[in-house]
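# Secondary and tertiary structure notes
So the chains spell out like this:
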Amino acid sequence: METSVDRIAEPWGSRTPYARGESWPARMDTHLAEGVAPDTVDRWVRTASILHSDGDAMDVAVRDGRMVGVRGRVTDRVNRGRLGPKDAFGWRANAASDRLTVPLIRRDGHLVETDWDTAMRAVVDRSRDLLEERGPGAMGFYTSGQLFLEEYYTLAVLARGGIGTNHLDGNTRLCTSTAAEALKESFGCDGQPGTYDDIDHADVIALFGHNVAETQPVQWMRILDRLEGGDPPRLVCVDPRPTLVARAATVHLAPRIGTNVALLNALLHEIIRTGRVDHGYIEARTVGFEQLAKTVADCTPEWAERICDVPAARIVEAAELLGTADRLLSTVLQGVYQSHQATAAAVQINNLHLIRGMLGRPGAGVLQMNGQPTAQNTRECGADGDLPGFRNWQNDHHVADLAEVWNVEPATIPHFAPPTHAMQIFRYAEQGTIRMLWISGTNPAVSLPELSRIRSLLAQERLFVVVQDLFLTETAQFADVVLPAATWGEKTGAFTNADRTVHLSEKAVEPPGQARPDLDIFLDYARRMDFRDKDGGPLISWHDAESAFEAWKRCSAGRPCDYTGLTYAALRGDSGIQWPCNAQAPEGTARLYGDGVTWAAPDTCETYGKDLITGASVPPEEYRSGNPDGKAMLKGAEFLPPHEEPDSDFPFQLTTGRTLYHFHTRTKTGRVPQLNAAAPDVWVEISSSDAVAHALDEGDLVEVTTPRGSLRARLRVTGIRRGLLFVPFHYGYWDTPSGCGPDESTAPRAANETTVTDWDPVSKQPLFKTAAAALTLVEKRPGQPAPAPTTTASAPSRPDGVPPTVGGATARVRETTSPDGDGHTAAGGNR
Ligand SMILES: Nc1nc2c(c(=O)[nH]1)N[C@H]1C(S)=C(S)[C@@H](COP(=O)(O)OP(=O)(O)OC[C@H]3O[C@@H](n4cnc5c(=O)[nH]c(N)nc54)[C@H](O)[C@@H]3O)O[C@H]1N2
Ligand SMILES: Nc1nc2c(c(=O)[nH]1)N[C@H]1C(S)=C(S)[C@@H](COP(=O)(O)OP(=O)(O)OC[C@H]3O[C@@H](n4cnc5c(=O)[nH]c(N)nc54)[C@H](O)[C@@H]3O)O[C@H]1N2
Ligand SMILES: [Mo]
């Protein structure tokens, strides 16, 4: 069967219902540029989506050397052929007319065009000078969750093994450092326990601060299909906004922001009080139950009601669903991770699963989610604040093992202190100990908190800034050297999604102008710096993506993220493959911890853990005595109030986040007409009762102010929690009338003008979700609705007068299903 759907107006497309325990039917989504017929496509090139962590597998259509469309891969386990709106339309950004095509260098205060040799020589000369004058600690690297595995691994080797700096982290710090940390605290090691297939089997699905409908829309299609099929799951949603998840939930809890730990402690309290725990599992597989039970002993639903402002009866209902689920799947994301007790809260969700024995079986799993498409690789390759292969920097055997892989002396690899986290890297740059900052694939001048500080820090004369990007971003404006990068579709590499599925993304078209793959840039730098191993051979001996992948496999051998069973050839098969994949598990591994094996043994664990309240490191001896057999760890945490609470000057709570149609700072989605038109400018969400109380209406221009700064946006009146404001963080200033630089005529609109320099003490993830703010009216705009979508959590509470979000003729996606639900036949196969 074939239908054509406006996938801006109907982002999740048509339903293919299925019953519990069945496999998810295929549906092939295809979107081709206007006037391109399928039979005129020259080639279909294998890839997966790079605009979220879902890893939707797809093929890019190429005609006359240009991208002309995409279609989903029906044989892939992740999406069975489906595409989300950003997957379907996002590829158009590659061909944007303002891509960077030549390197730029700062001369007399201005960025001017130059050639690669001059640009790279400037970077190398500065590196050499700094190494000589100040040593490796003067150099910092801030990378991404959007490059490929091969690129992160190369960067990690050159920074940690070549330069010997400890200052390498990713924007994954803002994104999934709490996911990683929560897994380390509970299981001793990073590594996603669950799999997306658990959606097919769960009878209860709980989403904690995770707007899956907008941020992993294809897995939401899967949940929607189950909701319409036999024996549907019941949903529990914890989110202060009326997301589509909240609207579909059996129980929706909308807590005051910053109170997740109180709510979770009450849920644990109820589950323990009612005896809905698996004592056999707790006894055999975990340590710490008594301590946890003690911590939550007084956390009654009534107690939590006073803190969270959620009715105690609702908490009891949720606890009953969670406590009686036969197969429970939980997902966790930024509503939990970007707050002051981020790790403490995320760990309580692991605890919920551990005390109920809900792990490692079909339908029983935890997904401590990633957000970015390749964040998993940043983490496992050691391009974030960790050593490659989830090695423990405090364990000399792990460091020696890594040194052997790289053939360097162990002392070469910095391990005198924890790898520096991003917030600290920026602090060092501000203070002047870091003198060169190489930023690849991220736009901190929009995405870091407290932007006025970030701008002045990047603008310092003494700081040499290298920016490697596709566009002249807000951040690139501050660079001393700008390196034009090739991106997805223009280079080859592998990457791993949130459920450990590895996909290969192959080069489909040539990059524009002189733009080069990030891997080639890093390899060029390593060659020019002449990094050597301890025998005088080249430290980095690989020369292209596949040889880099093979080098990474050697580094991953025997580690939890074991890639040794994977090859590019295997990744060219029907579906992506979940790590670990090795001789013992040649087809990959769906779930971790099914047989109770964890990586928590003192000699194998990635970390000895931290105190959940202070973040202080647990001494190795204490870890060894507390968990000698390497079981899963139940760690309780007391609730602490958010650092910034509303008062008479700043009476609102303020939170920030995403919308369906845009990705981050919009460098790609803002350049795609279909996506841009659906949400062209910033807005602020307010509840109906607050709007009435302040005599404000839909569309009014308002100013949102915190102690850090302010922004202007148009008002959208929604069903959001009373007292709470929400601002999407996507909007920087690159598309202001002047095109670049803060424009005098345009007021600031970035959410991060208002956010605070503060982070979770355990994961060091910044607090984008909790602030106190004032709201003032700038101008009444009667009859002019806010530029916010109507199809999402930002739907207006009174739809009259607000035109519905639609895409029109250029936003149609062809959906192909066969009557028997088997996508292969109707879709005509998938290469
Ligand atoms: N469309 C789209 N998809 C994306 C991205 C994108 O930019 N656009 N980015 C990707 C990336 S990198 C990431 S990290 C993910 C993020 O994906 P999500 O975490 O799903 O997205 P957010 O909008 O940041 O936050 C989720 C929800 O947290 C809620 N929240 C705020 N404060 C609290 C609180 O105190 N408690 C609770 N329980 N909830 C709270 C917000 O109301 C919001 O609906 O999305 C990925 N997918
Ligand atoms: N207020 C607030 N702030 C937030 C958040 C929030 O919820 N609220 N969320 C945080 C989270 S979870 C995240 S992940 C961050 C995201 O923040 P950023 O990483 O700053 O956001 P992006 O816009 O994805 O920036 C990626 C950059 O890499 C470039 N790029 C894309 N592909 C390639 C490539 O192949 N090579 C190179 N060299 N460059 C490439 C893009 O053009 C873009 O400039 O924002 C964080 N900031
Ligand atoms: Mo993220």
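Residues numbered from 1 in each chain as written. Chains lettered and ligands numbered in written order. Predicted model: local features only at pLDDT ≥ 70, side-chain atom pairs only at ≥ 80, totals over all residues. Heavy atoms only, no water.

## Some points on the overall build of the chain
For the chain, the count of helices and strands is 27 helices and 29 strands. A compact globule built from 831 residues should have a C-alpha radius of gyration of about 28 Å, and the chain, at 25 Å, falls within 12% of that. Counting all 831 residues of the chain, 67% fall into the buried class. Within the chain, contacts between residues at least 6 apart in sequence are counted, and of these 76% link residues at least 24 apart. If you sum the accessible surface of the chain, you get close to 26800 Å²; carbon and sulfur atoms cover 50% of it. Separation between the mean location of the 83 positive side-chain charges and that of the 108 negative ones in the chain comes to 1 Å. (Helix = DSSP H or I, 4+ residues; strand = E, 2+ residues; numbered from the N terminus. Rg over C-alpha atoms; globule rule 2.2 N^0.38 Å. Buried < 20%, exposed > 50% of the residue type's maximum accessible area, 1.4 Å probe, protein only. Contact = heavy atoms within 4.5 Å. Areas by Shrake-Rupley, 256 points an atom, 1.4 Å probe, with all protein chains shown as cover. Lys, Arg positive; Asp, Glu negative; His and termini not counted. Charge placed at Lys NZ, Arg CZ, Asp CG, Glu CD.)

## Things to note about the environment of E450
Relative to the elements of secondary structure, E450 occurs in the loop between α19 (444-447) and α20 (451-458). Sequence-distant contacts of E450, defined by excluding residues within four places in its chain, comprise R708, N752, T755 and T757.

## Here's the deal with the domain arrangement of the chain
Under the domain assignment, the chain is made up of domain 1 (2-83 + 816-826), domain 2 (104-174 + 374-502 + 511-561), domain 3 (177-369 + 599-633) and domain 4 (652-798). Spacing between the C-alpha centres of domain 2 and domain 3 amounts to 33 Å. If you look at the interface, domain 2 gives 19 residues, while domain 3 gives 25 residues. Where domain 2 abuts domain 3, roughly 1700 Å² becomes buried across the two surfaces, and 42% of that area is made up of carbon and sulfur atoms. Between the two partners, domain 2 and domain 3, sit 2 salt bridges. (Domains from an automatic or database assignment. Buried area = accessible area lost by both parts, 1.4 Å probe. Salt bridge = Lys/Arg side-chain N within 4 Å of Asp/Glu carboxyl O.)

## Side note on the nonpolar core
Grouped together as the largest cluster of nonpolar side chains are 121 residues, with contacts concentrated most on F208, W220, L322 and I355. Apart from residues no more than four positions distant in its own chain, W220 is found in contact with W12, V212, A213, L235, L244, V245 and A248. Counting residues in each nonpolar core, the second largest holds 68 residues, with V124, L539, F549 and C561 among its members. (Core = buried A, V, L, I, M, F, W, Y, C linked by side-chain atoms within 4.5 Å.)

## Focus on the site of ligand 2
Taken together, 34 residues sit near ligand 2, with Q146, N171, S447, D469 and T665 positioned nearest. Between an oxygen atom of ligand 2 and a side-chain N or O atom of N171, the distance comes to 2.6 Å. Within the side chain of K491, one N or O atom sits 3.1 Å away from an oxygen atom of ligand 2. In the complex, the protein chains occlude 99% of the 920 Å² of accessible area that ligand 2 would expose alone. Of all the secondary structure elements, the ones that give two or more residues to the shell around ligand 2 are β17 (464-469) and β23 (652-657). (Near = heavy atom within 4 Å. Polar contact = N/O pair within 3.5 Å; in protein donor to acceptor, adjacent residues only side chain to side chain.)

## Considering the sheet that holds strand β2 (residues 28-32)
Overall, antiparallel pairing links the 6 strands, which are arranged β1-β29-β2-β5-β4-β3 in an open sheet. Looking along the sheet, the strands with just one partner apiece sit at the ends: β1 (2-6) and β3 (43-48). For this sheet, the mean angle separating the axes of adjacent strands, direction not counted, is 30 degrees. (Pairing = 2+ DSSP bridges. Axes fitted to C-alpha atoms, helices over the stretch in contact; angles between N-to-C directions.)

## Regarding the site of ligand 1
Surveying the vicinity of ligand 1 reveals 31 residues, the closest of which are D239, R241, Q334, R658 and H662. At 3.2 Å, a backbone N or O of V238 approaches a nitrogen atom of ligand 1. Taking T655, its side chain carries an N or O atom lying 3.4 Å from a nitrogen atom of ligand 1. In the complex, the protein chains occlude 100% of the 910 Å² of accessible area that ligand 1 would expose alone. Counting residues per element, the ones that place at least two in the shell around ligand 1 are α6 (212-215), α14 (334-337) and β23. Class assignment of the residues belonging to the shell around ligand 1 gives a composition of 7 nonpolar, 18 polar and 6 charged. Split by domain, the residues of the shell around ligand 1 number at least three in each of domain 3 (177-369 + 599-633) and domain 4 (652-798). (Nonpolar A, V, L, I, M, F, W, Y, C, P; charged D, E, K, R; others polar.)

## Quick notes on helix α18 (residues 422-431)
Turning to α18, its buried residues are A422, M423, I425, F426 and A429. Each buried residue of α18 lies within a common arc of 160 degrees when the element is viewed along its axis, so the set occupies one face. Residues of α18 that are buried make contact with β8 (139-143), β9 (168-170), β16 (436-440), α19 and α20. In the stretch just after α18, G432 is the one whose phi turns positive, near 100 degrees. (Arc of directions from axis to C-beta.)

## Comments concerning the sheet that holds strand β11 (residues 234-238)
Spatial strand order, β12-β11-β10-β14-β15: 5 strands in an open sheet with parallel pairing. Whereas interior strands pair on both sides, the edge strands pair on one side only; in this sheet they are β12 (251-253) and β15 (365-368). Across the sheet, the mean angle from the axis of one strand to that of its neighbour is 10 degrees, orientation sign disregarded. Relative to β15, strand β14 (residues 328-332) runs parallel, the two sharing 4 bridges. In the strand pairing of β15, S330 is matched with V366.

## Structural notes on the pattern of salt bridges
Going through the model one piece at a time under the given rule, you end up with 52 salt bridges. Between K507 and E510 there is a salt bridge, and its shortest N-O distance comes to 3.2 Å. Given a relative accessible area of 35%, K507 falls into the partly exposed group. Salt bridges sharing common partners tie together R77, D197, D200, R222 and D499.

## Digging into helix α2 (residues 116-133)
Helix length check: α2 (18 residues) gives 26 Å between terminal C-alpha atoms against 26 Å at 1.5 Å per residue, within 8%. Looking only at α2, the buried set comprises W116, T118, A119, M120, A122, V123, V124, S127 and L130. Those residues of α2 that are buried lie in contact with β6 (104-107), β8, β16, β17, β18 (481-484) and α21 (518-529). Capping of α2 at its N-terminal end is provided by D115; its side-chain oxygen lies 3.1 Å from the backbone amide nitrogen of D117. At the C-terminal side of α2, G135 shows a positive phi close to 90 degrees. (Expected span 1.5 Å × (residues − 1).)

## Digging into the environment of P362
Summarising the element assignment, P362 is placed in the loop between α15 (342-355) and β15. Classification of P362 by relative accessible area gives partly exposed; the value is 35%. Note: C-alpha distance between P362 and S763 (401 residues apart in sequence) is 29 Å. Dropping the residues within four chain positions of it, P362 is found in contact with D198, H201, R327 and R591.

## Here we look at the side chain of T378
Among the structural elements, T378 can be located in helix α16 (residues 375-380). T378 gets classed as buried once you look at its relative accessible area, which sits at 0%.

## Observations concerning the environment of P785
Secondary-structure assignment places P785 in the loop between β28 (771-779) and β29 (812-816). The spatial distance from the C-alpha of P785 to the C-alpha of R532 is 61 Å, given a sequence separation of 253 residues. Every residue in contact with P785, bar those within four places of it in the chain, is listed here: E698, G699, R714, G801, V802 and P803.

## Thoughts on the packing of aromatic side chains
As enumerated under the stated definition, the model contains 15 aromatic pairs in all. Centre to centre, the rings of F549 and Y568 are 5.2 Å apart; their planes meet at 50 degrees, and the pair counts as tilted. Of this pair, F549 sits in helix α22 (residues 545-556) while Y568 sits in helix α23 (residues 568-571), and the two are 19 residues apart along the sequence. Judged by its relative accessible area of 0%, F549 falls in the buried class. What makes Y568 buried here is its relative accessible area of 2%. (Phe/Tyr/Trp six-rings, centres within 6.5 Å; stacked < 30°, edge-to-face > 60°.)

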